[in-house]
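Listed here are the chains, written in short residue letters.
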Amino acid sequence: MNVIFPLILLLSIVFSLFNSPTATLTALSIGGDKAVKLSLTLIAVYAVWTGIINILSASGATEKLSKIFEKPIKRLFNTKDDETAKKLSLNVTANMLGVSGVATPAGIEAMRLLDKKDNSHGKTLLTVISSTSIQLLPLSVLQLLSSYGGDVSSVILVSFISTFFTTVIGVILVKVFK
Amino acid sequence: MNVAIYIVPVLIIAVILYALFKKVNVFTAFTSGAKEALPLIYTIFPTILAVLIMSELFEVSGLSAIFIKLLSPVLKFFGIPTELTKLVLLKPFSGSGSLALLDEIYKTYGVNSYISLSASAIFGSSETTFYVSAVYYSKCKNKNAAKAIIISLTATFLGAVFSCFICKFFY
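Residues numbered from 1 in each chain as written. Chains lettered and ligands numbered in written order. Predicted model: local features only at pLDDT ≥ 70, side-chain atom pairs only at ≥ 80, totals over all residues. Heavy atoms only, no water.

**Observations regarding the pattern of salt bridges**
Summed over the entire model, instances satisfying the criterion amount to eight salt bridges over all chains. Taking the shortest distance from any N to any O, the salt bridge between B:Glu59 and B:Lys86 comes out at 2.7 Å. Highlighted residues: B:Glu59 in helix 3 (residues 37–60) and B:Lys86 in helix 5 (residues 85–90), separated in sequence by 27 residues. By relative accessible area, which is 22% here, B:Lys86 ends up partly exposed. One network of salt bridges, with partners in common, ties together A:Lys34, B:Glu56 and B:Glu104. (Salt bridge = Lys/Arg side-chain N within 4 Å of Asp/Glu carboxyl O. Helix = DSSP H or I, 4+ residues; strand = E, 2+ residues; numbered from the N terminus. Buried < 20%, exposed > 50% of the residue type's maximum accessible area, 1.4 Å probe, protein only.)

**Considerations on a positive patch on the surface**
Together, A:Lys64, A:Lys67, A:Lys86 and B:Lys22 make up a region of like positive charge exposed at the surface. Tracing the backbone shows A:Lys64 in helix 3 (residues 61–77). (Patch = residues over 30% accessible without salt bridge, like charges linked within 9 Å, V, L, I, M, F, W, Y side chains within 5 Å. Areas by Shrake-Rupley, 256 points an atom, 1.4 Å probe, with all protein chains shown as cover. Lys, Arg positive; Asp, Glu negative; His and termini not counted. Charge placed at Lys NZ, Arg CZ, Asp CG, Glu CD.)

**Describing the layout of surface pockets**
Reported here for the largest pocket is a volume of approximately 1,400 Å³. Lining the largest pocket we find 44 residues, and of these A:Tyr46, A:Ser100, A:Gln135, B:Leu40 and B:Glu127 sit closest to its centre. Here the lining of the largest pocket takes six residues from helix 2 (residues 23–58) of chain A, the largest share from any one element. Each residue belonging to the lining of the largest pocket can be placed in one class, and the counts come to 19 nonpolar, 22 polar and three charged. (1 Å grid on protein atoms, 1.4 Å probe; cavity = no way out; pocket = protein on both sides within 12 Å on 5 of 7 lines; lining within 4 Å. Points joined across faces, edges and corners; volume = space filled by probe spheres on them. Nonpolar A, V, L, I, M, F, W, Y, C, P; charged D, E, K, R; others polar.)

**A look at a nonpolar patch on the surface**
All names here are of chain A. Residues Phe164, Val168, Ile172, Val176 and Phe177 make up a contiguous nonpolar surface patch of about 500 Å² in total accessible area. Mapped onto the secondary structure, Ile172 falls in helix 8 (residues 152–176). Taking relative accessible area as the criterion, Ile172 reaches 45% and is therefore assigned partly exposed.

Structure below.
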């Protein structure tokens with residue numbers, strides 16, 4: 001972003017000097033205004049979901065669910081170490097549920113353990129799985145959409161299919177270019 | 001098809017029942033979780049502001065139109081509507097920034113349009129690649145994330161192409 005932001009800003013402002021010199025000031029205030037409005041909407045969106053997700057975290061459901069995935073994950077990541085598998089599984093499960101507060105520390109710890117064993121294949125795989133998103137329900141998108149009266153059901157469906165597709169493609173690519 | 005509308009309410013029922021079963025103070029857990037939203041907004045507000053100003057300037061300067069005109073043959077070839085160009089390009093760099101663009105798309109094209117549906121699918125199908133790899137590799141000795149980044153970006157782009165394709169059937 002440190003490259004994109006100044007580049008686009010400079011180009012746009014220089015360009016509008018020729019088109020309409022007053023446009024820059026207008027754009028700045030419109031942009032600021034929009035940012036404030038969106039942030040207010042997002043406070044509501046996030047507060048609802050961080051609240052509900054925290055009920056889930058407090059009940060320990062994430063840890064319980066992550067036990068189920070430990071075995072398949074051991075095989076997928078080619079690791080025999082129990083501690084690594086546990087962290088990997090916790091990361092994947094928490095990401096699926098959207099509990100990022102649990103997912104990120106577990107992911108960093110799993111990466112450190114994989115790094116120690118020099119398992120760069122595992123490191124690539126975990127990074128690709130996380131950055132292709134495996135969240136089952138795009139909660140903030142759904143909330144934002146429904147605040148405008150949008151149809152949530154088709155979005156749930158297409159998001160699920162797309163995010164599944166993207167992650168599968170990512171995993172296949174990692175396996176092919178091992 | 002309409003099983004999907006039951007997912008969110010059923011999920012919330014399940015979360016509350018399981019928490020009660022585990023003797024969690026549901027009210028306290030909810031409020032202390034909700035409290036995290038304000039610091040979160042506090043962190044992402046500057047990014048949202050920067051991206052929206054950038055997007056606004058890009059638009060009014062007429063650069064956006066030229067840029068999209070140049071890129072549209074490529075994106076059209078892959079079946080990505082030109083209205084989604086900026087979202088597809090920004091997503092790997094900034095999550096909150098692309099949420100701002102998503103919001104713009106909802107407002108401009110209406111929430112129940114093909115463009116908005118595809119935009120939601122694209123937004124949900126990937127994470128902020130550059131941020132994820134920076135954070136995940138932070139505690140590693142071998143920090144070479146090039147392969148992971150290239151594969152993630154490829155998968156993300158193919159995911160966007162796929163999203164635009166399947167949305168045609170659900171719109």
